[in-house]
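Residue-level structural notes
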Amino acid sequence: MTSSRTDPAPIRPLVAGNWKMHGLKAQLAEAATLRAALEGALVPHGIDVMICPPATLIMELARLAAGTRLAVGAQDCHWLPAGAHTGDISAEMLHDAGASAVIVGHSERRAGYGELDHIVKAKAEAALRAGLAAIVCIGETAGQRRAGLTLDVAARQLAGSLPEASTAADTIIAYEPVWAIGTGLTPTTGEVAEVHAFIRTALIDQLGVQGREMRILYGGSVKPSNAAELLAVPSVNGALVGGASLKAVDLMGIIAACKV
Ligand code: PGA
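Residues numbered from 1 in each chain as written. Predicted model: local features only at pLDDT ≥ 70, side-chain atom pairs only at ≥ 80, totals over all residues. Heavy atoms only, no water.

Before going further, it helps to spend a moment on the site of the ligand. Taken together, 13 residues lie near the ligand, and Lys20, His106, Glu176, Gly182 and Ser221 sit nearest. Side-chain polar atom of glutamate 176 to an oxygen atom of the ligand: 2.7 Å apart, as the coordinates give it. Glycine 242 is positioned such that a nitrogen or oxygen atom in its backbone is 2.8 Å from an oxygen atom of the ligand. Calculation on the ligand without its partners gives an accessible area of 280 Å², and the protein chains cover 95% of this total. When the residues that make up the shell around the ligand are grouped by side-chain class, the tally is four nonpolar, seven polar and two charged. (Near = heavy atom within 4 Å. Polar contact = N/O pair within 3.5 Å; in protein donor to acceptor, adjacent residues only side chain to side chain. Areas by Shrake-Rupley, 256 points an atom, 1.4 Å probe, with all protein chains shown as cover. Nonpolar A, V, L, I, M, F, W, Y, C, P; charged D, E, K, R; others polar.)

Okay, here's the thing in structure tokens:
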């Protein structure tokens, strides 16, 4: 079979761990184990791996991961570069601390802090301004899915949260059904395929060729036992992993299940 000139180059998968508000310094031992495992021959080199620790551990993790395949991300940022915003951290500060990416618009921030699409977009723009990749999270609640609004929510969040200047090199989408996060529940592979195909089409409409090549991660109760089937779904270009990223052995199980 010959591939047409419009076929995109294969999209390099990313497995990103989101530690959320978990991890004192001792947790870095898991990152060290992961780093060592990534140097082993068993992990295909065509996969990117990232840990997004709490902000307090970014500098230390960046030191630990320097010169290795392990990338360091952050979990949130302010949209301004600096200012009188007690308790906030700018994208520039995260970059300065050694992060190369930042999650924006996670449902825990959308729900817990009232972050609307325009705020998520401003944060994603801040990430790009600071030289970080933006991992932009979208996804429906259980009620929205029951009401048949899953694709409408995805369309609205993509239209409202994605910077116009986003490229496949600096922006990653994470589709995370809110009802699947931390619950052990996952959509069927058919449901994942439907949403990811919809997101791919929307990205192409919005961003042209950049949208064709942009990574779309699946997130929500990914674990070693379900990773292979979720990661085999077309247009699933990796995973954003919460609970199962806290143990290196679990994250390695997910990485091993990743198609390249
Ligand atoms: P979970 O979290 O893997 O624990 O469901 C995923 C996420 O919130 O990114």
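Still more to cover.
What follows deals with the sheet that holds strand S3 (residues 70–74). What links the strands of a sheet is backbone hydrogen bonding, and the strands pair in either a parallel or an antiparallel sense. Strand order around the closed barrel formed by eight strands is S1-S2-S3-S4-S5-S6-S7-S8, with parallel pairing between neighbours. Neighbour-to-neighbour, the strand axes of this sheet turn through a mean angle of 25°, independent of strand direction. With four bridges joining them, strand S1 (residues 14–18) and strand S8 (residues 238–241) adopt parallel strand pairing. Bridge pairing in S8 links alanine 16 to leucine 240. Of the strands in this sheet, strand S4 (101–104), strand S5 (133–138) and strand S6 (171–175) touch helix H5 (residues 117–130), which is tilted by about 160° from S5. (Pairing = 2+ DSSP bridges. Helix = DSSP H or I, 4+ residues; strand = E, 2+ residues; numbered from the N terminus. Axes fitted to C-alpha atoms, helices over the stretch in contact; angles between N-to-C directions. Contact = heavy atoms within 4.5 Å.)

The next point concerns the layout of surface pockets. Within this model, the largest pocket holds a volume of roughly 610 Å³. What lines the largest pocket is a set of 21 residues, and nearest its centre among them are Lys20, Met21, Gln75, Asp76 and Arg109. Its residues assigned to classes, the lining of the largest pocket comprises ten nonpolar, six polar and five charged. (1 Å grid on protein atoms, 1.4 Å probe; cavity = no way out; pocket = protein on both sides within 12 Å on 5 of 7 lines; lining within 4 Å. Points joined across faces, edges and corners; volume = space filled by probe spheres on them.)

Okay, the confidence of the model for the protein next. The predicted coordinates of low-pLDDT regions are not to be read in fine detail. Residues at a pLDDT of 70 or more form 97% of the protein, whose mean pLDDT is 95. Low pLDDT, under 50, characterises residues 1–6; the predicted model gives this stretch one contact beyond four residues in sequence or across chains. (pLDDT = per-residue confidence, 0-100.)

So, on to the pairing of strand S2 (residues 48–52). In terms of burial, S2 is a largely internal element, four of the five residues being buried. Bridge analysis of S2 against S3 gives three bridges, and the strand direction is parallel. Following the sheet pairing, valine 49 is matched in S3 by leucine 70. (Buried < 20%, exposed > 50% of the residue type's maximum accessible area, 1.4 Å probe, protein only.)

Going through the model one piece at a time under the given rule, you end up with 15 salt bridges. Where arginine 110 meets aspartate 117, a salt bridge forms, and the shortest distance between an N and an O atom there is 2.6 Å. Pair check on accessibility: arginine 110 and aspartate 117 agree, each one buried. Taking the shortest distance from any N to any O, the salt bridge between glutamate 140 and arginine 145 comes out at 2.8 Å. In this structure, glutamate 140 and arginine 145 share a single accessibility class: buried. Several salt bridges converge on common partners, so that one network encompasses Asp76, Arg109, Glu115 and Lys123. (Salt bridge = Lys/Arg side-chain N within 4 Å of Asp/Glu carboxyl O.)

Let's shift gears to the nonpolar core. Here is a general trend for soluble globular proteins: nonpolar side chains tend to be buried in one another's company. Residues Leu34, Ile173, Ile199, Leu203 and Ile255 are the most contacted members of the largest nonpolar core, which totals 67 residues. In terms of residue count, helix H8 (residues 189–207) provides more of this core than any other element does, six residues in total. Leave out the neighbours within four places in its chain, and isoleucine 173 touches Val136, Ile138, Leu158, Leu162, Ile199, Leu203, Met214, Arg215, Ile216 and Leu217. Formed by 13 residues, the second largest nonpolar core is a distinct cluster that contains Ile103, Ala133, Ala174 and Leu240. (Core = buried A, V, L, I, M, F, W, Y, C linked by side-chain atoms within 4.5 Å.)

Moving on: the packing of aromatic side chains. Scanning the model with the defined rule gives one aromatic pair in all. Here arginine 109 stacks its cationic end above the ring of tyrosine 113, 4.1 Å away from the centre of that ring. (Phe/Tyr/Trp six-rings, centres within 6.5 Å; stacked < 30°, edge-to-face > 60°. Lys NZ or Arg CZ within 6 Å of the ring centre and 35° of its normal.)

Before going further, it helps to spend a moment on helix H1 (residues 28–38). Among the residues of H1, those classed as buried are Leu28, Ala31, Leu34 and Leu38. Angular distribution of buried residues about the axis of H1 spans 105°; they occupy a single face of the element. Buried residues in H1 make contact with S2, helix H2 (58–65), S3 and helix H11 (248–256). (Arc of directions from axis to C-beta.)

This part is about the side chain of serine 161. Mapped onto the secondary structure, serine 161 falls in helix H7 (residues 150–161). Within the structure, serine 161 has its side chain in polar contact with the backbone oxygen of glutamine 157 (distance 2.6 Å). Those residues in contact with serine 161 that lie beyond four places of it in its chain are Arg110, Asp117, Val120, Lys121, Ala124 and Val136.

Another point: the environment of alanine 111. In this structure, alanine 111 sits in helix H4 (residues 107–112). Along the backbone, alanine 111 and leucine 94 are 17 residues apart, and their C-alpha atoms lie at a distance of 23 Å.

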